[in-house]
Amino acid sequence: MGDTVLELVRNTVGAEVRGVDLRRVDPAEFAAVHRAWVDHSVLLFRDQSLTDDDLIRFSRRFGDLDLAPIQETGRRFVEGHPEIYVVSNVVVNGEPIGSLGAGEAVWHTDMSYLEDPPKASMLYALEVPPSGGDTWFCDMYAALESLPAELRRRIEGLGLKHDGTYNSGGYVRQGVAATDDPRNSPGAVHPVVCTHPESGRKVLYLGRRRNAWLVGLDLADSEALLDALWTHVERPELSWAHHWRVGDLVLWDNRCTMHRRDPFDAASRRVMHRTQVKGEARPAA
Ligand code: OGA
Ligand code: MN
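Because the structure is predicted, anything quoted here is derived from the model rather than measured. (Residues numbered from 1 in each chain as written. Chains lettered and ligands numbered in written order. Predicted model: local features only at pLDDT ≥ 70, side-chain atom pairs only at ≥ 80, totals over all residues. Heavy atoms only, no water.)

**Q** Describe helix 5 (residues 219-233), with residues and values.
**A** Taking 1.5 Å of rise per residue, the 15 residues of helix 5 would be expected to cover 21 Å, and the 21 Å separating its terminal C-alpha atoms lies within 8% of that figure. All of the buried residues in helix 5 are Ser222, Leu225, Leu226, Leu229, Trp230, His232 and Val233. For helix 5, the angular spread of buried residues about the axis comes to 155°, placing them on one side. In helix 5, the exposed positions that point more than 90 degrees away from the buried face belong to Ala220 and Thr231. (Helix = DSSP H or I, 4+ residues; strand = E, 2+ residues; numbered from the N terminus. Expected span 1.5 Å × (residues − 1). Buried < 20%, exposed > 50% of the residue type's maximum accessible area, 1.4 Å probe, protein only. Arc of directions from axis to C-beta.)

Laid out in structure tokens, this is it:
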């Protein structure tokens, strides 16, 4: 496609990219996709037909991949594809094939409890329920830019502890003892206002609400400040909901977005395969 610009349809956050077959992305197309991803934070590609190998190959264009985290059931990965994490409510022979069930997944950024959280996640839809199970994305640049000045002043320069105890479905992670004191739960501390390493823009980095702690503050002060921040970021104008079709691939930038998922009927099937691209420590603003 030479130097033609990608066909993009913008959402409140993110954009749909049209006319690209992710099994065959030439270097010029990839450069345009990468640029669009940095510019729009979330990209949707519809009508794809990818094998697990295709998904891994496209994902690797962005960098080395993380191995899939251990699912809450203790299951590790898809046989032969340790990079692929399964998000599903499907149960086979009494054993869930994936994570997160059919319930709500609360707002979060993937694996921010690690020192070096993944920079990108990709979710590919293999089976989708007839309704529900939409995935919402929140623009954390816009969240910071629209923050009341007084609130921003109170958080600037602070570190935020990101909890590694619970996943977004509320399940306790494998090998972790449940605790509800964020001061001594496992997790990593990142600046609450970061600079995005590729766009250079400042961004609010919240991870998830449960067991979060603004390091150095009294727990009660931290809770009050975090509640104010979360009330702000949950404003509808900061987010976009994606209603899935089979063959959709959504690629998001974990450094400047959060996502959540609506619940869906547990009697229907939803099967998604996810990859994650290794990231780096979060630079302070
Ligand atoms: C994820 C995730 C939500 C969804 O895969 O990281 O949060 O809609 N998924 O499946
Ligand atoms: Mn997630």
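**Q** Can you lay out the sheet that holds strand 12 (residues 187-191) for me, pointing to particular residues and giving the numbers?
**A** One open sheet accounts for three strands, arranged 12-11-15; its pairing is antiparallel. With partners counted over all chains shown, the strands left at the sheet margins are strand 12 and strand 15 (213-214), one partner each. (Pairing = 2+ DSSP bridges.)

**Q** Before we move on, could you go through the sheet that holds strand 1 (residues 7-10) and cite the residues and values that matter?
**A** The mixed open sheet is built from eight strands, whose spatial order is 1-2-3-17-9-19-4-7. On the outer flanks of this sheet lie strand 1 and strand 7 (99-100), each paired with one strand and no other. One ladder, built from three bridges, connects strand 2 (residues 15-18) with strand 3 (residues 42-45); its direction is parallel. If you follow Glu16 over to strand 3, its bridge partner there is Leu44. Across the sheet, helix 1 (residues 27-40) is in contact with strand 1, strand 2, strand 3, strand 9 (120-127) and strand 17 (249-253); its angle to strand 3 comes to roughly 130°. Packing of helix 2 (residues 52-60) onto the sheet brings it into contact with strand 9, strand 17 and strand 19 (271-277), and relative to strand 19 it is tilted by some 30°. (Contact = heavy atoms within 4.5 Å. Axes fitted to C-alpha atoms, helices over the stretch in contact; angles between N-to-C directions.)

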